[in-house]
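Chain and residue survey
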Amino acid sequence: MVATGELFAMKGWLEYGAALNEGRKEFPGDLEFGQWVAECQLDTADRHDRTAAMWAAENRLTFRRMRISNPN
């Protein structure tokens, strides 16, 4: 059950990051992007977690490799 929960959580973070990446394409300016994030209620995670989710979604293969080589 724990492994299944972790799988769903990672999938959720990757989907969250992908959504943020789409918004960033639409709103390249920091102020506009921040307003969009707030308006879409995507600001539930702090900016560091959002940045990590965006990176992971954009670099899925590297992210998976990192998780396999360092499972903790």
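**Here we look at the nonpolar core**
The biggest cluster of nonpolar side chains holds nine residues, and these are Tyr 16, Leu 20, Phe 33, Trp 36, Val 37, Leu 42, Ala 45, Ala 53 and Met 54. Of all the secondary structure elements, the ones that give two or more residues to this core are α1 (2–26), α2 (30–39) and α3 (47–58). Residue contributions to this core peak at three residues, all from α2. Setting aside residues no more than four positions away along its own chain, Leu 42 makes contact with Tyr 16, Leu 20, Trp 36, Val 37 and Arg 50.

**Description of the side chain of Arg 50**
Here Arg 50 lies in helix α3. Comment: no salt bridge for buried Arg 50; closest opposite-charge side chain is Asp 43, at 6.1 Å. Discounting chain neighbours no more than four positions away, the residues touching Arg 50 are Tyr 16, Leu 20, Val 37, Leu 42, Asp 43 and Ala 45.

**Some remarks on α3**
Note on helix geometry: an α-helix contains 3.6 residues per turn, so any two residues three or four positions apart are oriented the same way. Under the 1.5 Å per step criterion, the end-to-end length of α3 is 16 Å for twelve residues, consistent within 8% with the ideal 16 Å. Those residues of α3 not exposed but buried are Arg 50, Ala 53, Met 54, Ala 56 and Ala 57. Each buried residue of α3 sits inside an arc of 165° when the element is viewed along its axis, so together they form one side. What points out from α3, more than 90 degrees from its buried face, is the exposed set Arg 47, His 48, Thr 51 and Glu 58. Along its buried surface, α3 packs onto α1, α2 and α4 (60–69).

Criteria and thresholds
Residues numbered from 1 in each chain as written. Predicted model: local features only at pLDDT ≥ 70, side-chain atom pairs only at ≥ 80, totals over all residues. Heavy atoms only, no water. Core = buried A, V, L, I, M, F, W, Y, C linked by side-chain atoms within 4.5 Å. Buried < 20%, exposed > 50% of the residue type's maximum accessible area, 1.4 Å probe, protein only. Helix = DSSP H or I, 4+ residues; strand = E, 2+ residues; numbered from the N terminus. Contact = heavy atoms within 4.5 Å. Lys, Arg positive; Asp, Glu negative; His and termini not counted. Salt bridge = Lys/Arg side-chain N within 4 Å of Asp/Glu carboxyl O. Expected span 1.5 Å × (residues − 1). Arc of directions from axis to C-beta.

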